[in-house]
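Residues per chain are reported as follows:
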Amino acid sequence: MSSPLTTPSPFDLEPPPKPAAGGFWSTWEDAMDIFYSPTEVFERRRDGRYGLAMLIVIGLSIAIYYLSAQVSDAIGDIEFAKAMAAQVKAGQQLTPKQLADGRAFAEKIKGLLIYVLPILVALGAWVSGLVIMVLGNLMGAKLTFAKATTVGVLSSFPQLLANAALGAQGLILDPATITSKYTFATSVARFLPDDTSAIVLKLAAIADPFALWSAFLLGLGAYIVGRMEKEKAAVLAVVHTIAFALMFR
């Protein structure tokens, strides 16, 4: 209720959200509609039900991982070689046995990744939701953990397209030309020298159409689901995007 001395916000005048239809297929439709009519999707998902959407993200992530295995393996080998070279450069003497053991361990981790990928995707969504909730509520949002995670999950779908684009390039380009994890990237980081500072590469990775698309969706979701002011929702999207780029890219 507003007093005569206060003006209700547009959100206060809106009717309660109409609950989204339950079931897998309605959630799948929302996963597709997020690319075309995101405002309507976030309005439907203001109830904070994200479970099925997360399962779709997990399923698509596994499928894309299988399809892009050749590129992922090449990137993993390059990153392992760089890690070993960095230890040698730091003055650590590695015996042939240590190198062989390290490579065997890396191969074992690579083989287990397909099994732990669902856990990693879910943990990533929950961490994202926690960050969105904390930052959003500090800036005046009305976000529960479930609603914040809903925003994070729905805004992650463009990143799946980025991963698919990475794998698709492996069908066209020679994976043997990969010199870093950014070689086939769709961001500015692709065009920077491999010896560029790691922080600069991570920040350059944000200059990517899919990353920017996800950031836009995150801000839109915070605005609609969290009932935030547009400017504050935009700040939240920028801070979240930069933070996750520095941690995970």
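Refer to the structure presented above.
Before going into details, it helps to say that this report is about the structure given with it. If you're wondering where the values come from, they're calculated on a predicted model, not measured in any experiment.

What counts and what doesn't
Residues numbered from 1 in each chain as written. Predicted model: local features only at pLDDT ≥ 70, side-chain atom pairs only at ≥ 80, totals over all residues. Heavy atoms only, no water. Salt bridge = Lys/Arg side-chain N within 4 Å of Asp/Glu carboxyl O. Helix = DSSP H or I, 4+ residues; strand = E, 2+ residues; numbered from the N terminus. Phe/Tyr/Trp six-rings, centres within 6.5 Å; stacked < 30°, edge-to-face > 60°. Buried < 20%, exposed > 50% of the residue type's maximum accessible area, 1.4 Å probe, protein only.

**Structural notes on the pattern of salt bridges**
Within the structure shown, the criterion is met by 5 salt bridges. A salt bridge links arginine 44 to aspartate 30; the nearest nitrogen and oxygen atoms lie 2.5 Å apart. Highlighted residues: arginine 44 in helix α3 (residues 38-44) and aspartate 30 in helix α2 (residues 24-33), separated in sequence by 14 residues. Residue glutamate 43 is joined to arginine 46 by a salt bridge in which the shortest nitrogen-to-oxygen separation is 3.1 Å. One salt-bridge network, held together by shared partners, links Asp30, Asp33, Arg44 and Arg45.

**Some words on the packing of aromatic side chains**
For the structure on display, the rule yields 4 aromatic pairs. When the ring of phenylalanine 35 is compared with that of phenylalanine 157, the centres are 6.5 Å apart and the planes differ by 80°; the resulting orientation is edge-to-face. In this pair, phenylalanine 35 sits in the loop between α2 and α3 while phenylalanine 157 sits in helix α8 (residues 157-172), placing the two residues 122 residues apart along the sequence. Note on accessibility: phenylalanine 35 and phenylalanine 157 belong to one class, buried.

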